[in-house]
Amino acid sequence: MNCEEYRHRIAAEPSFDGGAGHLSECLACQAFRTELQSLDGKIARAMQIDIPTLSFPELPAIDTDNVVPLAPRAQRVRPAWFALAATVLLAAVVGIRMSGIGVSYESLADEVLAHLDHEPASLRPSITPVSDARITDVVPANVARLDHDAGLITYARSCKINGKTVPHLVIQGERGPITILLMPDEAVSKATSLDGENTHGVILPVGDGSIAIIGARDEKLERVEKSVLNSVMWST
Amino acid sequence: MNKSSAEAGRRRRFDQIVAVFHADMFRYAAWLCRDKAIAEDVVQEAMLRAWKSLDALRDDAAAKQWLLTIVRRENARYFERRRLETVDIDNLTASQAALLAVGPDEELNDLRESIFELDDDYREPLVLQVLMGYSTTEIGEMMGLKQGAVLTRLHRARLKLKENVAHEDRS
């Protein structure tokens, strides 16, 4: 990759991380990249405009009786023994995963990201808050104290991370749902970045434990991190 | 499921999706048409169309792109219907100027004006990338362009903005 190719690419995508070989040897391209990344931050800020209050138009009644559902995705017919075998295999895999036996992840970050894939229902957009009773159940007083400044909590469930039960909460961010995992027993020495397929986040050290915060790739998490850190206090 | 609970469920689903993505819909519409009042009209029309075709959305995880695509089409329809002139930066209407509301940061104000002045072909992919967080492949799918064309437009858009920023710094 030469200077022209690199600059064309970085001006099109300032987050482009290829061309490392060229970049390490070219000070001018390093400066160009820094300049473009700084410009991009300013462009993002300039594009933020005030949003009017949401008002719904008058929505016509839809006759749900006449809604033609989309054709189900084509399914191949398989013999009954296949379904039976698949069920047994699934049960075995779920059992092993639930017990934590035989499942190992290279790092806490990998396990956190894998956990999100296991609970896609938690990532549905929602404006319906979960009840206080549910939150108290998932975040018991002997684990943590949670102020309500963290944001609108739309999902709360007790989950297993590294064999331990942890509160799994979801709040709604600007770009979609944001997952928060409170892990009072998972100590990390420093903040660790998380990088999923369409997500990004961080595991923050908090006292003797840590908190994972994961949002959509374009979600700005800094404000959420501050608000979560101000809202959570370990009980032990 | 009886009819009334099916209708209520449909409405609840719609309200939730729109509540989460309303800000994105408005920002996208505003940067497409460069007029606050028209953006509000476009978003209202888009919501109406989304409501009517909600059953075509199989997966709520794809709701954002689905809604933005509807906004894009409604914006095109709006301009087809009204046969509106393109924006003249020196003679903005109050509704157009409302998008350029001046803040305390002069550099940011100048940059907002430069983005405003970009050709539609350059401004739209930039908004989709910087504001909406889409990859160049996704932008290509939404705009019906090959990835190479998207990269070229983004490259030109940024160079133009960079040039304008440098020009403002000099003057």
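Our subject in this report is the structure included herewith. Predicted model, so just to flag it, every value in this text is computed and none were measured. (Residues numbered from 1 in each chain as written. Chains lettered and ligands numbered in written order. Predicted model: local features only at pLDDT ≥ 70, side-chain atom pairs only at ≥ 80, totals over all residues.)

What follows covers the overall build of chain A. Regarding its fold elements, chain A presents seven helices and eight strands. Counting across all 236 residues of chain A, residues that qualify as buried make up 27%. Restricting the contact set of chain A to residue pairs at least 6 apart, pairs at least 24 apart contribute 48%. (Helix = DSSP H or I, 4+ residues; strand = E, 2+ residues; numbered from the N terminus. Buried ≥ 20, exposed ≤ 12 C-beta atoms within 10 Å, placed from the backbone. Contact = placed C-beta atoms within 7 Å.)

This part takes up the overall build of chain B. In terms of regular secondary structure, chain B is built from eight helices and zero strands. If you list the helices and strands of chain B from N to C, you get α-α-α-α-α-α-α-α. Looking at chain B residue by residue over its 171 residues, the buried ones come to 35%. Looking at chain B alone, contacts between residues at least 24 apart form 66% of all its contacts between residues at least 6 apart.

Residues and elements named next belong to chain A. Pairing geometry for strand 2 (residues 153–161) and strand 3 (residues 164–172), over eight bridges, is antiparallel. Within the sheet, the bridge partner assigned to Cys159 lies in strand 3 and is Val166. A loop of two residues connects strand 2 with strand 3, the two strands running antiparallel in sequence, and Asn162 in this loop sits at a positive phi of about 55°. (Pairing = 2+ DSSP bridges.)

Now for the interface of chain B and chain A. Contact residues are listed per partner, giving 46 residues for chain B and 38 residues for chain A. A per-element tally of the side of chain B that touches chain A places helix 1 (residues 3–33) of chain B first, with 15 residues. Per-class residue counts for the side of chain B that touches chain A are 27 nonpolar, six polar and 13 charged. (Nonpolar A, V, L, I, M, F, W, Y, C, P; charged D, E, K, R; others polar.)

This part covers the environment of Leu108 of chain A. Residues and elements named next belong to chain A. Within the secondary structure layout, Leu108 lies in helix 5 (residues 108–118). Residue Leu108 is classed as buried on the basis of its C-beta count, with 20 C-beta atoms lying within 10 Å. Through-space distance from the C-alpha of Leu108 to that of Ile203 is 8.8 Å; in sequence the pair is 95 residues apart. Not counting the four nearest positions on each side in its chain, Leu108 is found in contact with Asn162, Glu186, Val188 and Ile203.

Residues and elements named next belong to chain A. Spatially, 2-3-4-7-6-5 is the arrangement adopted by the six strands of the open sheet, whose pairing is antiparallel. What marks the edges here is a single partner per strand, and that holds for strand 2 and strand 5 (192–195). Recorded for the sheet is a direction-independent mean angle of 20° between the axes of neighbouring strands. Here five bridges tie strand 4 (residues 177–183) to strand 7 (residues 209–216), and the two strands are oriented antiparallel to one another. Opposite Thr179, over in strand 7, you have Ile214 as the bridge partner. (Axes fitted to C-alpha atoms, helices over the stretch in contact; angles between N-to-C directions.)

What follows concerns helix 2 (residues 36–52) of chain B. Taking 1.5 Å per residue, 17 residues should reach 24 Å; helix 2 of chain B reaches 25 Å between its end C-alpha atoms and fits that length. Along helix 2 of chain B, the residues that are buried comprise Lys36, Ile38, Ala39, Val42, Val43, Ala46, Met47 and Ala50 of chain B. (Expected span 1.5 Å × (residues − 1).)

This part takes up unusual backbone geometry. Positive phi is not limited to glycine here, since Asn162 of chain A has a value of about 55°. Mapping Asn162 of chain A onto the fold places it in the loop between strand 2 and strand 3. Since 14 C-beta atoms lie within 10 Å of it, Asn162 of chain A is described here as partly exposed. Located in the positive-phi region is Arg34 of chain B, a residue other than glycine, with phi close to 60°. Summarising the element assignment, Arg34 of chain B is placed in the loop between helix 1 and helix 2.

Now for the nonpolar core. One recurring pattern in soluble globular proteins: nonpolar side chains tend to sit buried together. Ranked by size, the top nonpolar core spans 50 residues in total, and within it Met25, Ala29 and Val71 of chain B carry the most contacts. If you list the elements that add at least two residues to this core, you get helix 1 (3–12) and helix 3 (27–47) of chain A together with helix 1, helix 2, helix 3 (63–82), helix 5 (106–117), helix 6 (120–131) and helix 8 (147–170) of chain B. Considering every element that reaches this core, the biggest residue donor is helix 1 of chain B, with 12 residues. Among the nonpolar cores identified, the runner-up in size contains 32 residues, and Val138, Leu146, Ile178 and Ile203 of chain A belong to it. (Core = buried A, V, L, I, M, F, W, Y, C linked by C-beta atoms within 7 Å.)

What follows deals with the environment of Ser95 of chain B. Residues and elements named next belong to chain B. Structurally, the position occupied by Ser95 is in helix 4 (residues 94–97). In this structure Ser95 comes out as partly exposed when scored by C-beta crowding, with 15 C-beta atoms within 10 Å. If we ignore the near neighbours within four places in the chain, the residues touching Ser95 are Asp35, Lys36 and Ala37.

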